[in-house]
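Chain by chain, the residues run as shown.
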Amino acid sequence: MNLVSELDLPEFDYTKPDFSADTYHVQLARIRQQHWLARSPLAYIVLEHDSGEFFLRSKATAFPGRQIAEFFGVIDGPLAEHIDTNILNLTGERHRRLRALVGHAFTPRAADRWRPVMRGFIQRLWTRVEAYGACDFIPAIARPYPSLTIATVLGAPHQDAGRLHEWSSWVQRQFDIRALELNLPEIERAVKEIQAYVSGLLEARRQEPRDDLITVLLRAQAGGDRLSAEECTSLVVNLLAGGIDTTAGQLAHAIRLFAAHPAQWDLLAERPVLASSAVEEVLRFEPVTPFTARICLADIDHRGVRFPAGTIIAICAERANREVNGGERFDITAPRDTRLLTFGAGAHYCLGVNLARAELEEALSFLAPRTPSLALDGPPQLGGVEGIYGIDKLRIIWS
Ligand code: HEM
């Protein structure tokens, strides 16, 4: 059995000056040709689909939120406390119990119920830019659309959507190792503010239940068990944090990809039934979560390699998703039978997957017929790929 530290592995170093989101697909593809594993400053990167899934599903691994934060000196304080209660960092029975309590609120049917709300928001945002034939898609639609939607689903006032987005993007930077190094005070402030906001919201809903997800969570029970007040707060914070920036980034990438593939945008405009395969192809080709991570809780042997307990592994959804016939080609009509790793796999598989898919489908099927000749109006400003890979600026035009 070879120890992973003794292997001669290619390097993937995102801290190098020549590293950028523009070139990372090419770099990863080159490295993948050399090996299924790569070395990076903090973790070994798994570049192959089945091995990625193996580590995500293994009971001998956990999400290394705590360990990564400690590496950056986050030992106590609001972020450390948030990390300890984050569903993503829970393991075993504690995690299973939480998913059993809330799972029913996130089924495809539960998500479909909100489609009319989603359509209403996309329509409203669209009417503000329609007449101009051009906009920066990020502030105009990509950012407000998921925050308005998740605010409504949870039962938060619409006028708070802007603040929710702002908090979400800071809190999500706990997964971005560059931001942990550079922006810790902003992340901690956002964690404190969103927690106080959510506690107030929960208190209001305890007093006056409504037809929203917060009320459902407050009432959630299984076998006589209920969520504690702390669990409820933490979960709602995670839904807000995990449910805005991700979908916003994914929608922005969708528009960028379709602007580069006009024939496919036209096809979607003509055949709205393609919306769900269009969304799958966007999620496959340009995941906003190119990497997720695990720590080995015990020695793990896989493909003749020993990963000692404590080893941190980054699972590369970007490479895994492209490991199909014609995988480097964006094509919404190609039959794909791969299991995407964009939403993870196993016990922590994204809780909001059905909401995210529904939001993306509603937005793309609405926009495609209304934006013929969609094109980029200047180069987009891409975010970093280390955490949630979003887009900061995306000027588009249409006829
Ligand atoms: C395109 C949009 C989205 C993407 C790409 C995405 C991606 C992911 C990934 C990769 C994970 C698993 C991480 C891991 O196992 O290491 C995850 C977990 C999670 N996501 Fe999402 N997500 C999206 C949207 C949402 C939405 C809309 C919500 C909430 C409404 C949400 C809530 C969560 C929660 C709560 C978890 C933790 C689940 C657990 O630990 O059991 N996500 N997501």
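Keep in mind that what you see is a predicted model, and the values were worked out from it rather than measured. (Residues numbered from 1 in each chain as written. Predicted model: local features only at pLDDT ≥ 70, side-chain atom pairs only at ≥ 80, totals over all residues. Heavy atoms only, no water.)

Draft legend 1. Inspection of the overall build of the protein chain at higher detail. If you tally the helices and strands in the protein chain, you get 18 helices and 15 strands. In terms of overall dimensions, the protein chain is globule-like: its C-alpha atoms have a radius of gyration of 21 Å, near the 21 Å expected for 399 residues. Taken along the three principal axes of its C-alpha coordinates, the protein chain extends 60 × 50 × 40 Å. Counting only residues that meet the buried cut, the protein chain has 57% of its 399 residues in that class. (Helix = DSSP H or I, 4+ residues; strand = E, 2+ residues; numbered from the N terminus. Rg over C-alpha atoms; globule rule 2.2 N^0.38 Å. Buried < 20%, exposed > 50% of the residue type's maximum accessible area, 1.4 Å probe, protein only.)

Draft legend 2. Local environment of the packing of helix α12 (residues 184-207) against helix α14 (residues 229-260). Put simply, α12 and α14 touch, their axes get as near as 9 Å, and they point 120° apart. Looking at the two axes, α12 sits oblique to α14. The hand of the α12/α14 crossing is right-handed. Between α12 and α14, the residues in contact are Ile194, Gln195, Val198, Ser199, Leu202 and Arg206 and Ala229, Cys232, Thr233, Val236, Val237 and Leu240, respectively. A class-by-class count of the residues in the contact of α12 with α14 yields eight nonpolar, three polar and one charged. (Axes fitted to C-alpha atoms, helices over the stretch in contact; angles between N-to-C directions. Parallel < 35°, antiparallel > 145°, perpendicular 65-115°, else oblique. Left-handed = near helix turned anticlockwise from the far one by under 90°. Contact = heavy atoms within 4.5 Å. Nonpolar A, V, L, I, M, F, W, Y, C, P; charged D, E, K, R; others polar.)

Draft legend 3. Region of interest: the site of the ligand. Around the ligand, a shell composed of 26 residues is seen, among which His95, Thr292, Arg294, His348 and Cys350 lie nearest. Those elements that provide at least two residues to the shell around the ligand are α5 (92-102), α14, β8 (291-296) and α18 (353-367). Examining the composition of the shell around the ligand, we find that six residues originate from one element, α14, more than from any other. (Near = heavy atom within 4 Å.)

Draft legend 4. Representation of the coordination of the iron atom of the ligand within the structure. Exactly one donor from the protein chain reaches the iron atom of the ligand: Cys350 (SG), at 2.3 Å. Tracing the backbone shows Cys350 in the loop between α17 (317-321) and α18. (Donors = N, O, S within 2.8 Å, 3.2 Å for Na, K, Ca; no water.)

Draft legend 5. Structural view of the environment of Pro262. Mapped onto the elements, Pro262 comes out in helix α15 (residues 262-270). According to the relative accessible area criterion, Pro262 is partly exposed, its value standing at 44%. Expressed as a C-alpha distance, the spacing of Pro262 and Pro372, which sit 110 residues apart in the sequence, is 8.6 Å.

Draft legend 6. Region of the structure containing the sheet that holds strand β11 (residues 312-316). Ordered in space as β2-β3-β11-β8-β4, the five strands form an open sheet in which the pairing is mixed. Only two strands of the sheet have a single neighbouring strand rather than two, namely β2 (37-39) and β4 (61-62). Along the sheet face, helix α2 (residues 49-57) touches β3 (44-46), β4, β8 and β11 and points at about 130° away from the line of β11. (Pairing = 2+ DSSP bridges.)

Draft legend 7. Examining the nonpolar core more closely. Grouped together as the largest cluster of nonpolar side chains are 119 residues, with contacts concentrated most on Ile141, Phe258 and Leu268. Examining the composition of this core, we find that 15 residues originate from one element, α14, more than from any other. In this structure, Ile141 is in contact with Ile122, Leu125, Val129, Pro146, Leu251 and Leu367, ignoring residues within four places of it in sequence. (Core = buried A, V, L, I, M, F, W, Y, C linked by side-chain atoms within 4.5 Å.)

Draft legend 8. Representation of the sheet that holds strand β12 (residues 375-376). If you trace the three strands from one edge of the open sheet to the other, you get β5-β15-β12, paired in antiparallel fashion. A strand with exactly one partner marks an edge of an open sheet, and here the two such strands are β5 (134-136) and β12. Sheet topology note: the β5/strand β15 (residues 395-397) ladder contains three bridges and is antiparallel. The residue of β15 that forms the bridge with Asp136 is Arg395.

Draft legend 9. Spotlight on the environment of Asp22. With respect to the helices, strands and loops of the structure, Asp22 is situated in the loop between β1 (2-3) and α1 (24-34). Taking C-alpha positions, Asp22 is 9.8 Å from Gly384, a pair spaced 362 residues apart along the chain.

Draft legend 10. A look at α15. Within α15, the full set of buried residues consists of Gln264, Trp265 and Leu268. Taken down its axis, α15 places every buried residue within 105° of arc, on the same side. Exposed and facing more than 90 degrees away from the buried side of α15 are Ala263 and Glu270. Buried residues along α15 sit against α14, α16 (275-285) and α18. (Arc of directions from axis to C-beta.)

Draft legend 11. Region of interest: the pattern of salt bridges. For the coordinates displayed, the defined rule picks out 28 salt bridges. In this structure, Asp112 and Arg115 form a salt bridge, with 2.9 Å as the shortest nitrogen-oxygen distance. Here Glu318 makes a salt bridge to Arg319, at a shortest N to O gap of 2.8 Å. A relative accessible area of 0% places Glu318 in the buried class. (Salt bridge = Lys/Arg side-chain N within 4 Å of Asp/Glu carboxyl O.)

Draft legend 12. Focus on unusual backbone geometry. Notably, Arg303 is not glycine yet its phi reads approximately 50°, a positive angle. Note that Arg303 resides in the loop between β9 (300-302) and β10 (305-307). Arg303 sits in the partly exposed class, given a relative accessible area of 46%. In this model, Ser373 sits at a positive phi of 55°, which is unusual for a non-glycine residue. Looking at the secondary structure, you find Ser373 in the loop between α18 and β12.

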